[in-house]
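Commentary on secondary and tertiary structure
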Amino acid sequence: MIPRSSTKKKWSDISENKKSTFGHWKQQTSPWPIYRAQLERIKNQSDDMILNAQKLRQIARQYGSISRVVFDAIELIAKHFKDIEIEIQKLVEWLAGKDAESIKQVVNYTKKIPIDINFEDIQNDVLKELKTQFDLLPDKQTFYVDTSGGLLVELDLDVRKRSVSWLESEILTLMIEIYEITNQAHQSFTFCLANIRNRALLFSEGRTDHLAASDCILIANEQAIKLTKSNKEIDALSNSIERKLTQSFYITNIYRKDHPYLPISIQNTLRKFHLGRSRMSRGISSRWSKTVNWFRNIIVRVEKEEETSTLQKIVRYIDQRQPDSKNHHYTSIFLNKGFVGTSFAVGRIKEFQILEATLKEWEKGYRGSVLLSGPRFCGKTFFGEWATSRFFPAKKIIRINPWADIYYGGRKLKSEYSLSEVLDFVKKYALKDRPYLWLDNIELWQDENNTLFQNLDTLLKFVDLHSDKCFFLVSIGSGGLKHFSNQLDFKRTFQATINLDTIDSDEIYKAILIRHGATYRKILTSDGDEITSHEYKSMINKIIKLSNNNIGEVFQWWSSSVKYLNEKEVEVSPFEPYLFPLELSEEQRLLLRQIALFRKTDEYMLSRQFGMAFNQKYVFHLRRMLTNGMLSRLPEGSLEMKDCFANIVGNHIFEN
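Overview of the structure. Nothing here was measured: the structure is a model prediction, and the numbers come from that model. (Residues numbered from 1 in each chain as written. Predicted model: local features only at pLDDT ≥ 70, side-chain atom pairs only at ≥ 80, totals over all residues. Heavy atoms only, no water.)

Let us now look at the packing of aromatic side chains. In this description, a pair of aromatic rings is defined by centroid distance and the angle of the planes. Evaluated as defined, the whole model comprises 23 aromatic pairs. Plain terms: the ring middles of Trp 362 and Phe 471 are 5.6 Å apart, the flat faces sit at 70° to each other, and that makes the pair edge-to-face. With Trp 362 in helix α11 (residues 349-363) and Phe 471 in strand β8 (residues 471-477), this residue pair connects regions lying 109 residues apart in the sequence. The class for Phe 471 is buried, based on a relative accessible area of 0%. Between Trp 403 and Tyr 417 the ring centres are 6.4 Å apart and the planes differ by 20°, which places this aromatic pair in the stacked class. One end of the pair, Trp 403, is in the loop between β4 (397-399) and β5 (405-408); the other, Tyr 417, is in the loop between β6 (411-414) and α13 (419-429), and 14 residues separate them in sequence. For Tyr 417, a relative accessible area of 21% gives the class partly exposed. Here the aromatic cluster, defined as three or more aromatic residues joined through ring pairs, consists of Phe 352, Phe 382, Phe 383, Trp 386 and Phe 391. In this structure, Arg 321 is placed above the aromatic ring of Trp 557, and the distance from its NZ or CZ to the ring centre is 4.2 Å. Across the ring face of Phe 352, the terminal group of Arg 390 is positioned such that the distance to the ring centre comes to 4.3 Å. (Phe/Tyr/Trp six-rings, centres within 6.5 Å; stacked < 30°, edge-to-face > 60°. Helix = DSSP H or I, 4+ residues; strand = E, 2+ residues; numbered from the N terminus. Buried < 20%, exposed > 50% of the residue type's maximum accessible area, 1.4 Å probe, protein only. Lys NZ or Arg CZ within 6 Å of the ring centre and 35° of its normal.)

Here is the structure:
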């Protein structure tokens, strides 16, 4: 008989499966260990859900603040439109009671009408406030959004990134369109007043054939009709913004299965933008006939070109560069020169690496100064605003622009054109906080009392003295940099120079697609078919070569090539551009060089620069360039080169 003790197994010798079975049997008589673990987990989840609720309340409040900024901005635009409509109505009533003799008093009357408003500043202020509100949103968060099998379902969400992407693509695009329409309406109103004043001035000179009371009333009434039309467009856009915010801009939508959380329509539009279809079915014979016709057209165009004068070529060039007026809802997203949000930002990886490296050096105590250079429309303003939103804390950014309000630490300065006064303000109130100074378009800092050279010299000396205490980001055009580099030492003053002349072609393709997606329209060819990948890239390649990879120039050419069809479709035609005839006299080159160098100027400033020779010979060339459309006069009286000429003429005159 085997002893009992020899058959007894140790616990360590029992298999894991049997141990698990024994454990289940034990829990059937006493399940408390499982209950205790479950209760502890429920307690932890309850605590987490309370924290979730607190986070949601905070995000909901922040969403409300962002919505209020948007609604306040729209309300400000509506108020401005109402004020203009009231002023137009008052003007019509005032004109109705005047005879032809007394109507010349309109000059003094219209001077009292308030028209001094800068919509670019208003737009920048709104974007700045929104950026501040965006920064208050939390980044990556975990939320409990559902249950499954008795367990809570978690959702990992980058609230700030998702919210900002949605707002930029769905709301800011519409707001930019509103600002574009409002700015156009305001400029139209300004020209309307100038037109009426000019007629009154002609009458005061005894040229009564140019004035009648009914003519002025007709001009004012036409302006009122334009305002009403623009107001309807803005109302439609405002209603669209309100509908999107009230339907989608809720953090609680993360719990809804019937309504996705902040869906981005741009991405959906891009997915539907089929660019890969082939049209080989049209046949070789069709292609051959097109080739023959193409050669015939070339011969006809050469013959016509020989008979076309230089002035006619200039007019033809201007006409082809004008966007379709019916298509302004589409083109406004391409022609906006400011920062429209990170959703529309592409490329510039190397440039950001240079800026980031300089910032890190500055944080260690080294000089902090970066110069952005490049021709017109290359994206200096966009890059600067993108960089400040990405790297600079909002509370420490000081944007320095001529004739603008500068705020810091509860203090305010009205800048004019003396950069030394602005920098003294920074030195007195902001230097101790190590602020970030962003000076865009430094060429604009000049008037009759302050030369650009003096302001640049003041800036460079200030950078030398204080670039360890504040970080400088300054933009200047290529022409200005070449012109002043012989007299001022830019290279040794700035820690780094970022040249934004060009951008990679692939990034340009992407930039156009993103902006097109934001317009929610299909691109059709002149045959009525949706554009293919080959046709799209072929057209863009031609534009890129013509624009020397300048992204702003590409946007301009694209906008002038796309025509309005209806609310859902636009049309592109085969791209065959006319080139600008660079047949300029020596006097014209010198005049255009001065205007390109300073961005905008006037006859007084030019007469100071050219002396007595200006009235003897230069003024006649200036008037000729005004009448042939190469120059345009702004409402305040200053002159500037037309956008479509700025780079092609600028490159020519600065290289020679």
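On to the sheet that holds strand β13 (residues 600-601). The three strands are arranged β13-β15-β14 in an open sheet whose pairing can be described as antiparallel. Edge positions in the open sheet fall to β13 and β14 (631-633), since each of these has one partner strand only. As defined by bridge partners, β14 adjoins strand β15 (residues 639-641) across three bridges and the pair is classed as antiparallel. Following the sheet pairing, Leu 631 is matched in β15 by Met 641. Contacts between helix α20 (residues 586-598) and the sheet are confined to β13, β14 and β15, with β15 contributing the most and set at about 95° to the helix. (Pairing = 2+ DSSP bridges. Contact = heavy atoms within 4.5 Å. Axes fitted to C-alpha atoms, helices over the stretch in contact; angles between N-to-C directions.)

Residue position: Leu 355 is located in helix α11. Look at Leu 355 and you get buried, because its relative accessible area is 0%. It is 9.3 Å that separates the C-alpha atoms of Leu 355 and Ser 369, two residues lying 14 residues apart in sequence.

The next point concerns unusual backbone geometry. Phi is positive for Trp 403, which is not a glycine, with a value near 55°. Classification of Trp 403 by relative accessible area gives partly exposed; the value is 44%. Of note, the phi angle at Arg 599 is positive, near 70°, even though the residue is not glycine. With respect to the helices, strands and loops of the structure, Arg 599 is situated in the loop between α20 and β13. When its relative accessible area of 19% is taken as the criterion, Arg 599 is described as buried.

Read these as layout, nothing more, since geometry by itself doesn't imply function.
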